[in-house]
Amino acid sequence: MAENVSPKLESSWLKVLADEFQQDYMQALKQFLLQEKQHGQVIYPPGSHIFAAFDSTPLTQVKVVILGQDPYHGPNQAHGLSFSVQAGTALPPSLKNIYKELQSDLGVVNGSGDLSAWAEQGVLLLNSVLTVRKNQAASHRNQGWEQFTDAVIRIINNQCQHVVFMLWGSYAQKKGQVIDTDKHLVLTAPHPSPLSAHRGFFGCHHFSQANTYLKTHHGSEIDWELP
(Lines give C-alpha, C1' and ligand atoms only; values in the text may rest on other atoms or scores of the structure.)
Protein backbone atom coordinates (compact mmCIF):
# COMPACT_ATOMS: atom_id res chain seq x y z
CA MET A 1 0.00 0.00 0.00
CA ALA A 2 2.76 2.42 0.88
CA GLU A 3 4.22 1.83 -2.55
CA ASN A 4 0.95 1.63 -4.46
CA VAL A 5 -2.43 3.05 -3.53
CA SER A 6 -4.08 1.34 -6.52
CA PRO A 7 -3.49 -2.24 -5.40
CA LYS A 8 -4.05 -5.46 -7.31
CA LEU A 9 -7.43 -5.82 -5.72
CA GLU A 10 -9.81 -8.73 -6.36
CA SER A 11 -11.63 -7.88 -9.60
CA SER A 12 -15.18 -7.39 -8.28
CA TRP A 13 -13.91 -4.96 -5.64
CA LEU A 14 -11.56 -3.17 -8.02
CA LYS A 15 -14.45 -2.50 -10.36
CA VAL A 16 -16.39 -0.58 -7.72
CA LEU A 17 -13.46 0.95 -5.80
CA ALA A 18 -11.15 2.05 -8.62
CA ASP A 19 -12.45 5.63 -8.52
CA GLU A 20 -12.05 5.73 -4.75
CA PHE A 21 -8.31 5.19 -5.05
CA GLN A 22 -8.04 8.33 -7.18
CA GLN A 23 -9.68 10.59 -4.60
CA ASP A 24 -7.62 13.27 -2.87
CA TYR A 25 -7.99 11.66 0.55
CA MET A 26 -6.52 8.40 -0.74
CA GLN A 27 -3.60 10.23 -2.30
CA ALA A 28 -3.01 11.92 1.06
CA LEU A 29 -3.20 8.53 2.77
CA LYS A 30 -0.62 7.18 0.35
CA GLN A 31 1.74 10.02 1.25
CA PHE A 32 1.18 9.44 4.96
CA LEU A 33 2.08 5.76 4.64
CA LEU A 34 5.15 6.58 2.56
CA GLN A 35 6.31 8.97 5.26
CA GLU A 36 5.77 6.33 7.92
CA LYS A 37 8.04 3.98 5.97
CA GLN A 38 10.62 6.70 5.39
CA HIS A 39 10.73 7.40 9.13
CA GLY A 40 11.44 3.75 9.83
CA GLN A 41 8.06 2.86 11.26
CA VAL A 42 6.95 -0.77 11.13
CA ILE A 43 3.40 -1.00 9.79
CA TYR A 44 0.96 -3.86 10.33
CA PRO A 45 -0.30 -5.84 8.55
CA PRO A 46 2.42 -6.43 5.95
CA GLY A 47 1.74 -4.62 2.68
CA SER A 48 0.60 -7.72 0.82
CA HIS A 49 -2.09 -8.33 3.47
CA ILE A 50 -3.57 -4.83 3.83
CA PHE A 51 -6.43 -5.64 1.47
CA ALA A 52 -6.70 -9.34 2.39
CA ALA A 53 -10.34 -9.00 3.45
CA PHE A 54 -11.29 -7.96 -0.07
CA ASP A 55 -9.15 -10.57 -1.79
CA SER A 56 -10.57 -13.33 0.44
CA THR A 57 -14.22 -12.27 0.09
CA PRO A 58 -15.26 -10.95 -3.34
CA LEU A 59 -18.09 -8.43 -3.38
CA THR A 60 -20.27 -10.91 -5.25
CA GLN A 61 -19.91 -13.41 -2.38
CA VAL A 62 -20.44 -11.18 0.67
CA LYS A 63 -23.00 -12.71 3.04
CA VAL A 64 -21.81 -11.43 6.42
CA VAL A 65 -19.82 -8.36 7.47
CA ILE A 66 -18.02 -8.34 10.82
CA LEU A 67 -16.76 -4.83 11.42
CA GLY A 68 -13.67 -4.19 13.53
CA GLN A 69 -11.72 -1.03 14.30
CA ASP A 70 -7.94 -1.29 13.87
CA PRO A 71 -5.52 -4.09 13.04
CA TYR A 72 -3.70 -5.73 15.93
CA HIS A 73 -0.44 -3.88 16.57
CA GLY A 74 1.76 -6.71 17.85
CA PRO A 75 4.19 -8.83 15.81
CA ASN A 76 2.78 -11.80 13.85
CA GLN A 77 -0.84 -10.89 14.60
CA ALA A 78 -2.59 -8.78 11.94
CA HIS A 79 -3.01 -10.25 8.46
CA GLY A 80 -5.77 -8.11 7.01
CA LEU A 81 -8.89 -9.74 8.49
CA SER A 82 -10.71 -8.13 11.41
CA PHE A 83 -10.38 -9.99 14.73
CA SER A 84 -8.24 -12.66 13.02
CA VAL A 85 -4.62 -13.47 13.81
CA GLN A 86 -2.05 -15.49 11.91
CA ALA A 87 -2.03 -19.23 12.57
CA GLY A 88 0.07 -20.18 15.56
CA THR A 89 -0.41 -16.82 17.29
CA ALA A 90 -1.97 -16.63 20.76
CA LEU A 91 -5.63 -15.63 20.74
CA PRO A 92 -6.24 -11.96 21.61
CA PRO A 93 -8.78 -11.33 24.39
CA SER A 94 -11.60 -10.17 22.09
CA LEU A 95 -11.25 -13.23 19.87
CA LYS A 96 -11.30 -15.49 22.94
CA ASN A 97 -14.63 -13.94 23.87
CA ILE A 98 -15.97 -14.32 20.33
CA TYR A 99 -15.12 -18.02 20.57
CA LYS A 100 -16.82 -18.27 23.98
CA GLU A 101 -20.02 -16.86 22.51
CA LEU A 102 -19.73 -19.11 19.46
CA GLN A 103 -19.40 -22.18 21.70
CA SER A 104 -22.35 -21.09 23.84
CA ASP A 105 -24.47 -20.26 20.81
CA LEU A 106 -23.71 -23.14 18.43
CA GLY A 107 -21.48 -25.51 20.35
CA VAL A 108 -18.56 -24.74 18.05
CA VAL A 109 -15.08 -24.99 19.58
CA ASN A 110 -12.24 -23.31 17.70
CA GLY A 111 -8.56 -23.29 18.54
CA SER A 112 -6.78 -21.41 15.78
CA GLY A 113 -7.21 -17.64 15.55
CA ASP A 114 -6.94 -17.60 11.76
CA LEU A 115 -10.41 -16.77 10.46
CA SER A 116 -9.54 -17.20 6.78
CA ALA A 117 -12.02 -20.07 6.45
CA TRP A 118 -14.84 -17.70 7.44
CA ALA A 119 -13.70 -15.16 4.85
CA GLU A 120 -13.67 -17.79 2.13
CA GLN A 121 -17.35 -18.54 2.86
CA GLY A 122 -18.46 -14.95 2.41
CA VAL A 123 -17.72 -13.34 5.77
CA LEU A 124 -16.10 -9.97 5.07
CA LEU A 125 -13.81 -9.34 8.04
CA LEU A 126 -13.47 -5.58 7.63
CA ASN A 127 -11.56 -3.21 9.87
CA SER A 128 -12.49 0.47 9.73
CA VAL A 129 -8.77 1.34 9.60
CA LEU A 130 -6.58 -1.01 7.58
CA THR A 131 -3.10 -0.24 8.93
CA VAL A 132 -1.43 0.55 12.25
CA ARG A 133 2.02 1.41 13.55
CA LYS A 134 3.80 -1.31 15.54
CA ASN A 135 2.90 -1.22 19.23
CA GLN A 136 0.79 1.94 18.84
CA ALA A 137 -2.93 1.26 18.81
CA ALA A 138 -5.07 3.64 16.74
CA SER A 139 -1.95 5.32 15.30
CA HIS A 140 -3.36 5.40 11.74
CA ARG A 141 -6.82 6.68 12.57
CA ASN A 142 -8.12 9.83 10.89
CA GLN A 143 -5.73 9.50 7.95
CA GLY A 144 -8.35 8.49 5.37
CA TRP A 145 -9.01 4.82 5.96
CA GLU A 146 -12.37 5.52 7.63
CA GLN A 147 -13.61 7.34 4.55
CA PHE A 148 -12.52 4.44 2.36
CA THR A 149 -14.26 1.81 4.48
CA ASP A 150 -17.39 3.99 4.71
CA ALA A 151 -17.47 3.77 0.92
CA VAL A 152 -17.12 -0.01 1.15
CA ILE A 153 -20.11 -0.25 3.49
CA ARG A 154 -22.21 1.95 1.20
CA ILE A 155 -21.32 -0.25 -1.78
CA ILE A 156 -22.34 -3.43 0.07
CA ASN A 157 -25.53 -1.77 1.27
CA ASN A 158 -26.46 -0.68 -2.24
CA GLN A 159 -25.26 -3.57 -4.40
CA CYS A 160 -25.76 -6.66 -2.24
CA GLN A 161 -28.91 -8.30 -0.96
CA HIS A 162 -29.64 -9.85 2.43
CA VAL A 163 -26.26 -9.34 4.09
CA VAL A 164 -25.85 -9.88 7.83
CA PHE A 165 -23.96 -7.04 9.52
CA MET A 166 -22.51 -7.83 12.95
CA LEU A 167 -21.85 -4.49 14.63
CA TRP A 168 -20.14 -4.94 17.98
CA GLY A 169 -19.66 -1.84 20.09
CA SER A 170 -20.69 1.78 19.63
CA TYR A 171 -17.94 2.53 17.10
CA ALA A 172 -19.12 -0.15 14.67
CA GLN A 173 -22.76 0.70 15.24
CA LYS A 174 -22.20 4.36 14.42
CA LYS A 175 -20.31 3.41 11.26
CA GLY A 176 -23.17 1.13 10.25
CA GLN A 177 -25.92 3.73 10.51
CA VAL A 178 -26.13 3.97 6.70
CA ILE A 179 -27.22 0.32 6.36
CA ASP A 180 -30.75 -0.24 5.05
CA THR A 181 -32.39 -2.53 7.59
CA ASP A 182 -35.16 -3.35 5.12
CA LYS A 183 -32.61 -4.99 2.82
CA HIS A 184 -30.18 -6.44 5.34
CA LEU A 185 -30.04 -7.90 8.84
CA VAL A 186 -28.19 -5.68 11.31
CA LEU A 187 -27.16 -7.37 14.56
CA THR A 188 -25.82 -5.17 17.35
CA ALA A 189 -24.17 -5.98 20.67
CA PRO A 190 -21.48 -4.60 22.96
CA HIS A 191 -17.89 -5.11 21.85
CA PRO A 192 -16.39 -8.53 22.70
CA SER A 193 -13.44 -6.98 24.55
CA PRO A 194 -13.02 -8.01 28.22
CA LEU A 195 -14.17 -4.51 29.22
CA SER A 196 -17.62 -4.86 27.66
CA ALA A 197 -18.37 -8.47 26.67
CA HIS A 198 -20.35 -9.12 29.87
CA ARG A 199 -22.67 -6.21 29.09
CA GLY A 200 -24.51 -8.17 26.41
CA PHE A 201 -22.08 -9.61 23.92
CA PHE A 202 -22.22 -12.91 25.75
CA GLY A 203 -25.64 -14.34 24.99
CA CYS A 204 -26.26 -12.23 21.86
CA HIS A 205 -26.62 -15.38 19.67
CA HIS A 206 -25.44 -13.52 16.58
CA PHE A 207 -23.97 -16.59 14.92
CA SER A 208 -27.15 -18.65 15.08
CA GLN A 209 -29.26 -15.63 14.08
CA ALA A 210 -27.00 -15.07 11.09
CA ASN A 211 -27.31 -18.67 9.95
CA THR A 212 -31.09 -18.67 10.29
CA TYR A 213 -31.29 -15.54 8.15
CA LEU A 214 -28.79 -16.82 5.58
CA LYS A 215 -30.56 -20.15 5.24
CA THR A 216 -33.82 -18.31 4.57
CA HIS A 217 -32.42 -15.82 2.05
CA HIS A 218 -29.44 -17.62 0.51
CA GLY A 219 -30.22 -21.27 1.12
CA SER A 220 -26.93 -21.87 2.91
CA GLU A 221 -25.26 -21.18 6.23
CA ILE A 222 -21.75 -20.28 7.42
CA ASP A 223 -19.78 -23.13 8.90
CA TRP A 224 -18.26 -21.29 11.86
CA GLU A 225 -16.10 -24.25 12.84
CA LEU A 226 -12.55 -23.71 11.65
CA PRO A 227 -10.55 -26.52 10.05
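Engineer: Could you give an account of the nonpolar core, naming the residues involved and the relevant values?
Structural biologist: Counting residues in each nonpolar core, the largest one holds 70 residues, and the members touching the most others are Trp118, Phe148, Ile156 and Trp224. When residues in this core are grouped by element, the largest group, six residues, is from helix H6 (residues 145–159). In contact with isoleucine 156, not counting residues within four places along its chain, are Trp13, Leu59, Val62, Val65, Leu124, Val163, Phe165 and His184.

Engineer: How would you explain the packing of aromatic side chains if you had to name every residue and give the values?
Structural biologist: Following the criterion strictly, the structure yields 15 aromatic pairs and no others. Their ring planes at 55 degrees and their centres at 6.2 Å tell us that tryptophan 118 and phenylalanine 207 sit as a pair that is tilted. Linking tryptophan 118 in helix H5 (residues 116–119) with phenylalanine 207 in helix H8 (residues 206–218), this pair joins segments that are 89 residues apart in sequence. For the pair formed by tryptophan 118 and phenylalanine 207, the shared burial category is buried. Chaining the aromatic ring pairs together yields one cluster made of Phe83, Trp118, Trp168, Phe201, Phe202, Phe207 and Trp224.

Engineer: Go over the confidence of the model for the protein with me, naming the residues and quoting the values.
Structural biologist: Taken as a whole, the protein shows an average pLDDT of 95; of its residues, 97% reach a score of 70 or greater. Note on residues 1–5: pLDDT under 50 across the span, and 18 contacts to partners over four residues away in sequence or across chains.

The rules behind these values
- Residues numbered from 1 in each chain as written.
- Predicted model: local features only at pLDDT ≥ 70, side-chain atom pairs only at ≥ 80, totals over all residues.
- Heavy atoms only, no water.
- Core = buried A, V, L, I, M, F, W, Y, C linked by side-chain atoms within 4.5 Å.
- Buried < 20%, exposed > 50% of the residue type's maximum accessible area, 1.4 Å probe, protein only.
- Helix = DSSP H or I, 4+ residues; strand = E, 2+ residues; numbered from the N terminus.
- Contact = heavy atoms within 4.5 Å.
- Phe/Tyr/Trp six-rings, centres within 6.5 Å; stacked < 30°, edge-to-face > 60°.
- pLDDT = per-residue confidence, 0-100.

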